[in-house]
Amino acid sequence: MARWWRSATNNLRAAVSSHSSSQASSAGYHTIQAIPRECVGNRVSSRDRAQGRIPAVVISQHLLQKDSTAPRSMSRKHLVTTEWKQIQAILNSVELPFFCSTTFPLQIRAGSGSSHLLESGTVLPIKIHRDEATGKVLNLVFVWADDGSELKVDVPVVFKGEDVCPGLQKGGHLNRVRTSLKYLCPAELIPPKIEVDVSNLDIGDRIFMHDVEVHPSLKLLSKNENMPICKIVATKWENPQPASL
């Protein structure tokens, strides 16, 4: 269920909407089904894609940390393939910008149609490789998002209230300085998106990173929280040249 947090600075209000748990963020989506792949390489990947499957890898967050000393037995790295139709259906529902900030249940089975479950859990997509010409998904990278763990997530920023924004009605322009904010999030509290309300902004007004309130367990990963997320700027009109006499 969506929750709302509000804060005010200099009479500016930033409204933030995020899901309260990873289970809520992936509610309504089918469990992603995957099967192992033993071989790697361009030829094997091309064959998998021709069969309607997407090469993917599922890794532990420990592998994302350069200074990690976790043993390989804890890496939980799996080379798998997923069904293209299922991933495409999810992308059509969740929309691409929010795919990598939404968690999903994942099951790795011994083979297509097999009832033997090798491993299961919650995952967060962290990379999606698409064909530049067709937009078709070529490869996926997931990270295990176990409850109790923390993950660095680029959460997309969505601006709302532009249709009633006073500054825009006066001819101003919304300068979107940041399209996402990076947070260190508990896996069960990753927000798929952050909604910032600009409906009260006038020309010259700004919303800063520190204006945005999220769940207290989320930590903003920024060296300067005084950086603006957006601002309303006046449109520059060229002065007409005086007519020659």
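This text goes with the structure placed above it.
In this report, we go over the structure that sits alongside the text. (Residues numbered from 1 in each chain as written. Predicted model: local features only at pLDDT ≥ 70, side-chain atom pairs only at ≥ 80, totals over all residues. Heavy atoms only, no water.)

**A word on the overall build of the protein chain**
In step 1: When its secondary structure is counted, the protein chain shows four helices and 15 strands.
In step 2: Buried positions account for 40% of the 245 residues belonging to the protein chain.
In step 3: Excluding contacts between residues fewer than 6 apart, the proportion of contacts in the protein chain whose partners are at least 24 apart in sequence is 68%.
In step 4: Accessible surface for the protein chain amounts to roughly 14,100 Å². Of this, 49% is attributable to carbon and sulfur atoms. (Helix = DSSP H or I, 4+ residues; strand = E, 2+ residues; numbered from the N terminus. Buried < 20%, exposed > 50% of the residue type's maximum accessible area, 1.4 Å probe, protein only. Contact = heavy atoms within 4.5 Å. Areas by Shrake-Rupley, 256 points an atom, 1.4 Å probe, with all protein chains shown as cover.)

**So, the sheet that holds strand β9 (residues 150–160)**
Strand pairs in the sheet, formed through backbone hydrogen bonds, run parallel or antiparallel to each other.
In step 1: The sheet built from four strands is open, its strands ordered β12-β9-β11-β14 with mixed pairing. One side of each edge strand has no neighbouring strand; the edge strands of this open sheet are β12 (194–197) and β14 (219–220). (Pairing = 2+ DSSP bridges.)

**Examining the sheet that holds strand β15 (residues 228–233)**
In step 1: The sheet built from three strands is open, its strands ordered β10-β15-β13 with antiparallel pairing. Edge positions in the sheet fall to β10 (173–176) and β13 (206–208), since each has one partner strand and no second. The mean inter-strand angle of the sheet, taken between neighbouring strand axes irrespective of direction, is 10°.
In step 2: Both β13 and β15 contribute to a ladder of three bridges, which runs antiparallel. Bridge pairing in β15 links Phe208 to Pro228. (Axes fitted to C-alpha atoms, helices over the stretch in contact; angles between N-to-C directions.)

**Quick word on the pairing of β9**
In step 1: In terms of strand pairing, β9 meets strand β11 (residues 180–186) through seven bridges, oriented antiparallel. Paired with Pro156 across the bridge in β11 is Ser180.
In step 2: Looking at chain direction, β9 and β12 are connected through four bridges and run parallel. In the strand pairing of β12, Val157 is matched with Ile194.

**With respect to the pairing of strand β7 (residues 117–130)**
In step 1: Of the strand pairs in this sheet, strand β6 (residues 104–109) and β7 are connected by six bridges, and their pairing is antiparallel. Its bridge partner lying in β7, Leu106 is registered against Gly121.
In step 2: Linking β7 to strand β8 (residues 137–144), which pair antiparallel, is a turn of six residues; within it Gly135 sits at a positive phi near 80°.

**Looking at the packing of aromatic side chains**
In step 1: Evaluation of the coordinates by the stated rule reveals one aromatic pair.
In step 2: Summarising the aromatic geometry, the rings of Phe99 and Phe104 are spaced 5.6 Å apart at their centres and angled 40° between planes, so their arrangement reads as tilted. For the pair formed by Phe99 and Phe104, the shared burial category is buried.
In step 3: The ring centre of Trp84 lies 5.4 Å from the NZ or CZ of Lys136, which sits over that ring. (Phe/Tyr/Trp six-rings, centres within 6.5 Å; stacked < 30°, edge-to-face > 60°. Lys NZ or Arg CZ within 6 Å of the ring centre and 35° of its normal.)

**Comments concerning the environment of Val57**
In step 1: Residue position: Val57 is located in strand β4 (residues 53–59).
In step 2: Along the sequence, Val57 and Arg37 sit 20 residues apart, while their C-alpha atoms lie 9.6 Å from each other.
In step 3: Not counting residues within four places of it along the chain, the set of residues in contact with Val57 comprises Lys77, His78, Leu79, Leu140, Val141 and Phe142.

**Notes on helix α3 (residues 84–94)**
In step 1: Here α3 has its buried residues at Gln86, Ile87, Ile90, Leu91 and Val94. Viewed end-on, α3 has its buried residues packed into an arc of 135°, placing them on one side of the element. In α3, the exposed residues that point more than 90 degrees away from the buried face are Lys85 and Asn92.
In step 2: In this fold, the buried residues of α3 make contact with β3 (32–36), β4, β5 (78–83), β6, β7 and β8.
In step 3: Glu95 occupies a position one or two residues after α3 and carries a positive phi of about 70°. (Arc of directions from axis to C-beta.)

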